[in-house]
Amino acid sequence: MTQNRKLTHLFDATQCVGCSACIVACAQTNYPEMMESTNEGWDWLAANIRRVSYDRAKRPVQLLIQCQQCDDAPCVNTCPFGANYYDKSTGQVKTDASRCIGCNYCVASCPYDCRWSHPVSGLPMKCMGKGCEKLIAAGQQPACVQACPAGARVFGDVNDPQSAISKRIAQSHAQTLLPHRGTKPNYYVVVTK
Amino acid sequence: MTYDFIELAPQVAVAEWGWTIALFLWFIGLAGMGLFLNAWIRSKLIFYVATVSSVIGALFVLSHLHRIFNLPFAAINAILDGTLNFGSWMLIGICLLTVLCIVAMLQSYMLAKGDDRPLKNDLVVWINAALGLASTVYSGFLLTQAVGVTLWSTAALPVLWIFSGLACAIGLTEVLVAMHRLDHDKLTWLPKTANLVHIGEALVIFAFLQVALGGNPGAVVGAQAMLYGPTAMLFWGGAIGLGIVVPMFCGAVNARTVKIIGGLCAIVGALFLRGAVLFSGYFDPILF
């Protein structure tokens, strides 16, 4: 473990079989109270993973995206009371409910549309949820990584060159999304072999 | 290029910045630019309308908060933790709106008690005008900082809100003049000013759309939605038709009822413009 950890995800679209197990696992682990309802904003399961598919493009594309754990996160920059902040112990963007007023400014500020408003608490949700935070604290992998049957997901510390995610990034054509937006994203995707 | 092969997510579905926010922006525009215009008109009635408008606008934005009851605790926690973010237009706006509402209500109370200093003292009048202008400008920058919606990421938006808010305030003044609640002879400059403001607003709308059509896919789709898509009726019928064309036409007709209709249309048009801009907000596609 390095001194400044940067815990993040890699999603390999070339390995993904589109089974949605990661999405269901995310919902079950982080929002069990919403298993009978939906995230109406995305018209989707109450999960932090959003499927993006361009079926009408020349070459059909499908990606599963979630919080990019940006180093220059717009959601942190716009939050009036500092409810969104950088967690120094994990390098992730987190939300402190005690300082959130539910204005949804962070939701509108995310260039990746990776946040959604919880219909009961009013809090802006995103990866990673409280359930997965408990798993990480217990030394386990996040729910989506555990559920993936195809090895399409890797989670770990990108600042540790020996971590599984660092090795996967080094071995594949990994890239970040919308880098031109200047948010310095840390969610890696592999779309070509 | 159109991006019709991509189904972009509208911000209103996720962030839920819909009519509540449109009404907030509209009331703050009317209040802010009403106070600004009143630096020249110095009407007690306009001051009262601006006061009521600022309070209603603030109530609308408060009603939009999903965790409104946490607002005082969030503020206290942020102060104690030193995490107040003065780089956030939301926080700047909270401060500005608080000052605007308190100042406007206190001065309205003074006016109601027969103290005319809010209208006679030049320093107070111009401070009010500056506060009104700042509040209107803030309501524009509030949207520009929400960078997920690229249609709004332009400095044309605060300028548009100034022109539109001013058109709204002039519409109110025209209604009051037509209803003989303001002295017409002291406001001979009003018709020409109204036309100039409407023409200015039209030019800024053109610039806004021009920038959007040359921008990111989300901005392009947003501009297309306004021009010939789902929000075209709001834009052409409400913002352009009712907000600009009808008031300019009515301004040329010398009839009391027509003047009232023109003024009311200018006021309502500003609401439709805000609605059109909000409902045309889309997130950028992840791949393009």
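Caption draft 1: Spotlight on the overall build of chain B. Per the secondary structure count, chain B includes twelve helices and zero strands. Starting at the N terminus and ending at the C terminus, chain B contains elements arranged as α-α-α-α-α-α-α-α-α-α-α-α. At 20 Å, chain B has a C-alpha radius of gyration in line with the 19 Å of a compact globule built from 288 residues. Overall size of chain B, expressed as C-alpha extent along the three principal axes, is 60 × 55 × 25 Å. Within chain B, the proportion of its 288 residues that are buried is 55%. A separation of at least 24 residues holds for 77% of the contacts in chain B among residues at least 6 apart in sequence. Accessible surface, chain B: about 12000 Å² in total, of which carbon and sulfur atoms supply 71%.

Caption draft 2: Structural context of the environment of tyrosine 112 of chain A. Inspection of the secondary structure puts tyrosine 112 of chain A in the loop between helix H3 (105-109) and strand E8 (116-117). For the pair tyrosine 112 of chain A and leucine 177 of chain A, spaced 65 residues apart in sequence, the C-alpha separation works out to 8.5 Å. With residues up to four places along the chain from it excluded, the contact list for tyrosine 112 of chain A reads Arg50, Ile65, Gln68, Cys70, Leu177, Leu178, Thr183 and Pro185 of chain A together with Ile286 of chain B. At a separation of 2.7 Å, a polar atom in the side chain of tyrosine 112 of chain A contacts the main-chain carbonyl oxygen of leucine 177 of chain A.

Caption draft 3: Looking closely at the interface of chain A and chain B. Listed per partner, the contact involves 44 residues of chain A and 47 residues of chain B. Taken over both partners, the interface formed by chain A and chain B buries close to 3500 Å², and the fraction arising from carbon and sulfur atoms is 61%. Linking chain A with chain B are two salt bridges, by the criterion used here. Here arginine 99 of chain A ties to aspartate 81 of chain B by a salt bridge, and the two come within 2.8 Å at their closest N and O atoms. Inspection of the region where chain A meets chain B yields 26 residue pairs in polar contact (both at pLDDT 80 or more).

Caption draft 4: Main features of the environment of glycine 243 of chain B. Residues and elements named next belong to chain B. Along the chain, glycine 243 turns up in helix H11 (residues 232-251). Once the C-alpha coordinates of glycine 243 and glycine 269 are considered, the two residues, 26 residues apart in sequence, prove to be 3.6 Å apart. Discounting chain neighbours no more than four positions away, the residues touching glycine 243 are His198, Gly238, Cys265, Ala266 and Gly269.

Caption draft 5: Expanded view of the packing of aromatic side chains. Taken as a whole and assessed by the stated rule, the structure comprises eleven aromatic pairs over all chains. Each ring, one from tyrosine 105 of chain A and one from tryptophan 17 of chain B, has its centre 5.6 Å from the other, and the planes form 20°; the classification is stacked. With tyrosine 105 of chain A in helix H3 and tryptophan 17 of chain B in the loop between helix H1 (11-14) and helix H2 (19-41), this residue pair bridges two chains. A centroid spacing of 4.8 Å and a plane angle of 15° characterise the contact between tryptophan 89 of chain B and phenylalanine 141 of chain B, whose relative ring orientation is stacked. Taken together, the residues tryptophan 89 of chain B in helix H5 (residues 89-112) and phenylalanine 141 of chain B in helix H7 (residues 122-144) connect sequence positions 52 residues apart. By way of ring pairs, the aromatic residues Tyr105 of chain A together with Trp17 and Trp152 of chain B are connected into one cluster. Of note, arginine 274 of chain B hangs over the ring of tryptophan 161 of chain B, and the distance from its end group to the ring centre comes to 4.5 Å.

Caption draft 6: Region of the structure containing helix H4 (residues 130-137) of chain A. Residue and element names in this part refer to chain A. Listed in full, the buried residues belonging to H4 are Gly131, Cys132, Leu135 and Ile136. When H4 is viewed along its axis, its buried side chains cluster within an angular range of 140° and face the same direction. With respect to the buried face of H4, the exposed residues turned more than 90 degrees away are Lys130, Lys134 and Ala137. Considering only its buried residues, H4 is in contact with strand E1 (7-12), helix H1 (21-30), helix H5 (143-147) and strand E10 (153-157). Phi turns positive, to about 80°, at glycine 139, one or two residues after H4.

Caption draft 7: Just the pairing of E1 of chain A, in detail. Residues and elements named next belong to chain A. Where burial is concerned, most of E1 is hidden: six out of the six residues are buried. Here E1 pairs with E10 via five bridges, running antiparallel. When the sheet's bridge partners are listed, leucine 7 is paired in E10 with aspartate 157. In terms of strand pairing, E1 meets strand E12 (residues 188-190) through three bridges, oriented parallel. Within E12, the residue paired with phenylalanine 11 across the bridge is valine 189.

Conventions and cut-offs
- Residues numbered from 1 in each chain as written.
- Chains lettered and ligands numbered in written order.
- Predicted model: local features only at pLDDT ≥ 70, side-chain atom pairs only at ≥ 80, totals over all residues.
- Heavy atoms only, no water.
- Helix = DSSP H or I, 4+ residues; strand = E, 2+ residues; numbered from the N terminus.
- Rg over C-alpha atoms; globule rule 2.2 N^0.38 Å.
- Buried < 20%, exposed > 50% of the residue type's maximum accessible area, 1.4 Å probe, protein only.
- Contact = heavy atoms within 4.5 Å.
- Areas by Shrake-Rupley, 256 points an atom, 1.4 Å probe, with all protein chains shown as cover.
- Polar contact = N/O pair within 3.5 Å; in protein donor to acceptor, adjacent residues only side chain to side chain.
- Buried area = accessible area lost by both parts, 1.4 Å probe.
- Salt bridge = Lys/Arg side-chain N within 4 Å of Asp/Glu carboxyl O.
- Phe/Tyr/Trp six-rings, centres within 6.5 Å; stacked < 30°, edge-to-face > 60°.
- Lys NZ or Arg CZ within 6 Å of the ring centre and 35° of its normal.
- Arc of directions from axis to C-beta.
- Pairing = 2+ DSSP bridges.

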